[in-house]
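Single-letter residue listing:
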Amino acid sequence: MTEHAIESWDERWEPVMFSPDRTVGAVVISHLGCAARQWLIISGSEQGRIWSDNRVDDEDLTPLLDERGEPTTFARWYLTWLDVSERQHQQASPS
C-alpha cells in the first residue's frame, strides 16, 4: 500500500470509528494504557456488559468475553478486579 492510500483510508476510517455516536449509552470504567479502554454499557440491549476498546490499535469495539467465551457482566468484571487487587495487596504486604 502506498502512503497516500494509507492516509486516504485513515481520513475515512477515523471519523467513523471514533464518532461519539458509537459510545452513547456507555461510560469508560477502565483505562488499560496507551488509549485502550473498557466501557460499561449502561443502556440498550448490552446494558450491564463490558466492551473492550482497542481502536487505538485499529481494532473495533468488541464485547469483553470471559474464559468460556461469554460476555462479561459488570458484576463479574468488578469481582475479578477486587480479587486481583486483593492478591496483589497480599503479595506486597510483609507476612
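Keep in mind the model is a prediction, meaning the values are calculated, not measured. (Residues numbered from 1 in each chain as written. Predicted model: local features only at pLDDT ≥ 70, side-chain atom pairs only at ≥ 80, totals over all residues. Heavy atoms only, no water.)

Caption draft 1: Just the side chain of R55, in detail. Here R55 shows up in the loop between β3 (50-53) and β4 (62-63). We classify R55 as buried; its relative accessible area is 7%. Residues in contact with R55, not counting those within four places in the same chain, are W13, M17, F18, R22, T23, W39 and L61. (Helix = DSSP H or I, 4+ residues; strand = E, 2+ residues; numbered from the N terminus. Buried < 20%, exposed > 50% of the residue type's maximum accessible area, 1.4 Å probe, protein only. Contact = heavy atoms within 4.5 Å.)

Caption draft 2: Quick peek at the pairing of strand β2 (residues 36-41). The element β2 is largely enclosed, with a buried count of five among its six residues. Of the strand pairs in this sheet, strand β1 (residues 26-33) and β2 are connected by six bridges, and their pairing is antiparallel. Its bridge partner being in β2, A26 is matched across the sheet by I41. Between the end of β1 and the start of β2, which pair antiparallel, lie two residues, with C34 showing a positive phi angle near 55°. Here four bridges tie β2 to β3, and the two strands are oriented antiparallel to one another. Its bridge partner lying in β3, W39 is registered against W51. (Pairing = 2+ DSSP bridges.)

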